[in-house]
Amino acid sequence: MHRHRRSLLFLAFVLAIGGILGAFNLPVSLFPDVSFPRVRVTLDTGDQPADQMVAMVTRPVEEAIRQVRGVRELRSTTSRGSAEINIGFDWGADMGRALLDVDAAVGEALPHLPPGVDVQAIRLDPTVFPILAYSLRSDTLTPAQLHDIAEYQLRPLLSGVAGVAQVDVQGGEVAEFHVDVDAAKLRSQGLALTDVEHAVANAATIQSMGRLQDHYKLYLLLADNQPATIKALGDIVLRADAHGLLRLADVATVVMDHEPQWVRTTADGHDAVLMQVFQQPDGNSVQIANDVKQRLAEYQRQAPKGLHIANWYDQTQLVLGAAGSVRDAILIGIVLAALVLFVFLRNVRVILVALIVVPATLAITVLLLTVLHMSFNMMTLGGMAAAVGLLIDDVIVMLEHIMRRLRDGGAGEVRERIAGAALEFTRPLTGSSAATVVIFLPLAFLSGVTGAFFKALSLTMASALVISYLLTWVAVPLLAEWLIDERHAAEHPPGRFSQRMLAGYERTLGRLLQRPALVLIGVIPLLLAGALAYRQVGSGFMPQMDEGGFTLDYLSPPGTSLDETDRLLQQVEKIIRANPYVDTYSRRTGLQLGGGLTEANTGDFFVRLKNGSRPATADVMEQIRQQVAARVPGLDVDVAQLMEDLIGDLTEVPQPIEIMLYGDDETQLDDTAKKVAAAIGKVDGIAEVHNGINPAGDALDVRVDPAKAGLLGLDPATVAQQVSDAMGGNVAAQLPQGPKMLGVRVWLPPASRAQVEQLATLPIRAGDGHVVPLSELATIRAVQGQPEINRDNLKRMIAVTARIVGRDLGSTANDVKQVLAKPGLLPPGMYHELGGLYAQQQTAFHDLRLVMLAAIALVFALLLFLYESFRVALAIMVAPLLALAAVFVGLWITGIELNISAMMGMTMIVGIVTELAIFYFTELREAEQDMSLHEALRHAGHHRMRPILMSTIAAILTLLPLALAIGEGSQMQQPLAVAIIAGMLVQVPLVLLVLPVVYSVLRKPSKSADHP
């Protein structure tokens, strides 16, 4: 290897430079590019009742979709006139193919559905939520002008940014002409609304009448009768006869107004137009944000006066904050590791080797991420930060071994002794590195959200460890040959503290070897503390991250008008504005943050908090929730951080607690859901309980008498159409105005149809032309809104949901189980299942337990391969298994829940402790050839104590910034770092004291070699 030192170091240098350059081009996003196995189908039929909708639309489509290959679960929600079907597939399924299969199945069912059903199918992925959002406000521009600026100027401008999937515009007003017809004047002229509509439609035409060739020119003949102004519309001729011309202005008022809308959007208490930017799945969110900001800055120079564009959501702030935190954690870790090396070795050149190799390892890891088409995200960055503590292990033990061999002297030059030490250390280095890498193999088989997110972290860490092994084996010796000569090979003599520590260690080990039972004095308390901590530690799912903002979903009573809902929400806005930690907020009513339409009594806020010193986001949002609940009666609210809400939507997990009740009796289901909601509401930690009954708003049922209508030359459909034209209007024409089309809506004036009583007097034109009030043909009665109908895998279901405040998921769910187990709560024939985040947690924990068992089995198999001895393998495995007890103690002391991140750390600690045990045992095997067993055990401990202490302290200090959750986004890796540090705190006594004692017990001292 020495002969090719230049080429090998140059290759490492080139790869590191490639990684540094690749880092500037690697996409940056919040989470890995995950293909969530979910397809959503939406069905719209107008205003059909929910029960008829299920029978005629939802059930046939469900049955068709259920036959699609790979469908794992099917859940539908049907309300008046619409249905939403969520289809779940297995993780890892080809979702492009799955979407096509679902489309094909729905297409086959479409001919059997009622006419006019609108169907849409989409894949769900993290890009369903925006990465950027802006508000447009002005004191001088109208809402219609703001909407036009957003729709026709900014939307095309930003859609051209590379990586942008779409730009969604919400709120504002869409301009259109209103023709408010005076019913009395129209009746006096013997005309109906349909006559006005036909006249407007026929007048506002443009059509080709052929071509004319005159000499050398060819002309296109156009008939362009489109009125362009309000006056021109008023001059449209309705009738021309002997009595003269009857124009539109004679029977109607034409005004410029806006489309009827049942939505409202605000920003910081002012009416606003909201604009949201969505990225492509493989887009670079940071680059997109920079490009969008640059284009908006350029647009501001020529924007209309008085236009104010403000950002109210920027996902890249969290991404960049997390990246900065990870960067700082890595730098702090490397500096602390260098200090550890200096304290123990006091050799600047040795430290320089470590400061070259560790960053080079990270750079080459980035290059590998580029080759694998991965991105910088919370998982890959966290994996690199967590890996630094393990990378430094390899470098430290190799450098310490080289310095030890140089200190011991021997024949040959320094270069030859360094090469010999590296060659001598190849086997233990390979075995120890394999012990840490092999634990990541079972993680490749994880599924669900755990696998989707943590596979990226595992792949990053495993890649970094493999690269670290190669560089430690190749580059460290070559760099040591270059930097270390005879002058720098000498070590400072050990200080008084080191000598005392070594002497104390040897005395302690000697006593334990003479009386092995004494080791139980340390082991039993550790096991008892671990057992106690296991019972006390709460359990969760994903680590909770402080995102610096949250969503507040709200719901007013069914049927509440838009104006009344707005009145309630103005009180909520006062509460939000009064909070000193709120930076900005936006509000949608009748809309959702993701862009979907809802009823006028529901919507959401997004609240962004100020940077700097402030309480945790969870505390602020809970404070605001409590204030709203206390001061705004009649409004149900639900708060969540945005990413938590996003993942819940993508996995169809609405809340942490979800109790799915199954039955066929609608009344019985509703009554039981109310009882269950009331029962679990008494559980400590349960908040925001919802019984799952979601009634639609009240309706006015207009029943046309067919006989009475027939006597007047009408039928029910004709009467319904006349009512629809009068109340909702009919867009009779579309007129061009610049880049947009303006509708011309013909209807009755708002004042003549604003109250329920006026509906009965609505004029209906009979077949012979005379007009009668609607009340003569139909009966009008108010009907209560029908609740939504939920079905799960073709079975009727109601889901009772709740959030958890101030308590962990596992213990709360256990209390909920006890409540559900009480006799009499559920009637005979009805059964329940627990869903929500708890079900996801149980699935993830089951998979991770299997992963841990597989990791332990693989490590044991590796030890058998290395030593071909069950005794050795069993003795070594005692240390990592005992370290697991310390992990629970560490989580308990720090108040961190046992979640999937912590369980990842527990799995990794098995390999980390085994790595040090292999180093110890390699030294022991060499010493056993010339010494008795007890002497060899003391000799191995004496020589391995320093490198084990160095690597342990360096790794702990390197992981400390992550464990302290310093910076934005660091909470995601905090449980993993705490779990690893807790295990590392006990690995030194476990490897240096417990392992030798266990091995001496398993093997008789009289033998000089171990036999299986």
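Residues numbered from 1 in each chain as written. Predicted model: local features only at pLDDT ≥ 70, side-chain atom pairs only at ≥ 80, totals over all residues. Heavy atoms only, no water.

In the annotation of an unreviewed UniProt entry, the protein chain is listed under the name Efflux RND transporter permease subunit and assigned to Rhodanobacter hydrolyticus.

Moving on: the overall build of the protein chain. Counting its secondary structure elements, the protein chain contains 31 helices and 31 strands. Projected onto the principal axes, the alpha-carbon positions of the protein chain cover approximately 130 × 85 × 55 Å. Looking at the protein chain as a whole, 54% of its 1012 residues qualify as buried. Partitioning the intrachain contacts of the protein chain with sequence separation of at least 6 by distance along the chain shows that 79% fall at a separation of at least 24. By element, 56% of the accessible surface of the protein chain is carried by carbon and sulfur atoms, the whole surface being about 44,300 Å². In the protein chain, the 80 positive side-chain charges and the 101 negative ones have mean positions that sit 9 Å from each other. (Helix = DSSP H or I, 4+ residues; strand = E, 2+ residues; numbered from the N terminus. Buried < 20%, exposed > 50% of the residue type's maximum accessible area, 1.4 Å probe, protein only. Contact = heavy atoms within 4.5 Å. Areas by Shrake-Rupley, 256 points an atom, 1.4 Å probe, with all protein chains shown as cover. Lys, Arg positive; Asp, Glu negative; His and termini not counted. Charge placed at Lys NZ, Arg CZ, Asp CG, Glu CD.)

Here the focus is the sheet that holds strand β5 (residues 132–137). The strands making up a sheet associate through hydrogen bonds between their backbones, and the pairing can be parallel or antiparallel. Read across the open sheet, the four strands follow the order β6-β15-β5-β16; overall the sheet is antiparallel. Two strands lie at the open edges of the sheet, namely β6 (164–170) and β16 (308–314), each paired on one side alone. Each strand of the sheet is rotated relative to its neighbour by a mean of 20°, with strand direction disregarded. Looking at chain direction, β5 and β16 are connected through six bridges and run antiparallel. Residue pairing for β16: L136 is matched across the bridge by I309. Sitting on the sheet, helix α4 (residues 143–159) touches β5, β6, β15 (273–279) and β16, and the angle it makes with β6 is about 180°. (Pairing = 2+ DSSP bridges. Axes fitted to C-alpha atoms, helices over the stretch in contact; angles between N-to-C directions.)

The next point concerns a nonpolar patch on the surface. There is a patch of nonpolar side chains on the surface, built from F10, F13, V14, I17, I20, L21 and F24 and spanning about 740 Å² of accessible area. Relative to the elements of secondary structure, L21 occurs in helix α1 (residues 5–25). According to the relative accessible area criterion, L21 is exposed, its value standing at 52%. (Patch = residues over 30% accessible without salt bridge, like charges linked within 9 Å, V, L, I, M, F, W, Y side chains within 5 Å. Salt bridge = Lys/Arg side-chain N within 4 Å of Asp/Glu carboxyl O.)

Looking now at unusual backbone geometry. The phi torsion at H373 lies on the positive side, around 60°, for a residue other than glycine. The exposure class assigned to H373 is exposed, which follows from its relative accessible area of 74%.

Here we take up the packing of helix α13 (residues 414–424) against helix α15 (residues 448–483). Across the interface, α13 lies against α15 with an axial gap of 9 Å and an inter-helix angle of 165°. Here α15 runs roughly antiparallel to α13, going by the angle between their axes. With respect to the hand of their crossing, α13 and α15 are arranged in right-handed fashion. On α15, the residues touching R415, I418, A419 and A422 of α13 are P477, A480 and E481. (Parallel < 35°, antiparallel > 145°, perpendicular 65-115°, else oblique. Left-handed = near helix turned anticlockwise from the far one by under 90°.)

Overall, the coordinates contain twelve aromatic pairs when judged by the stated rule. Feature note: the residues W312, Y313 and F606 constitute an aromatic cluster, connected by ring pairs. Above the plane of the ring of W747 lies R745, whose end atom (NZ or CZ) is 5.8 Å from the centre. (Phe/Tyr/Trp six-rings, centres within 6.5 Å; stacked < 30°, edge-to-face > 60°. Lys NZ or Arg CZ within 6 Å of the ring centre and 35° of its normal.)

Inspection of the secondary structure puts T958 in helix α30 (residues 933–963). Side-chain polar atoms of T958 contact the backbone oxygen of A954, separated by 2.6 Å. Every residue in contact with T958, bar those within four places of it in the chain, is listed here: A329, G333, A337, V388 and G389. (Polar contact = N/O pair within 3.5 Å; in protein donor to acceptor, adjacent residues only side chain to side chain.)

Let us look at the pattern of salt bridges. Summed over the entire model, instances satisfying the criterion amount to 35 salt bridges. Of the charged contacts, one joins R803 and E688 as a salt bridge, the two residues approaching to 3.7 Å between their closest N and O atoms. With R803 in strand β30 (residues 795–804) and E688 in strand β22 (residues 686–690), this pair connects stretches of sequence that are 115 residues apart. Members of the salt-bridge network, linked through shared partners, are R264, D563, D566, E573, R577 and R587.

What follows concerns the sheet that holds strand β7 (residues 175–181). Within the open sheet, the four strands sit side by side as β12-β7-β25-β24. Their pairing is mixed. Of all the strands in the sheet, the pair left with one neighbour each is β12 (252–258) and β24 (730–737). Strand after strand, the sheet turns through a mean of 25° between neighbouring axes, direction not considered. Judged from the seven bridges that link them, β7 and β12 form a sheet pairing that is antiparallel. Among the inter-strand pairings, D180 is bridged to a residue of β12, identified as T253.

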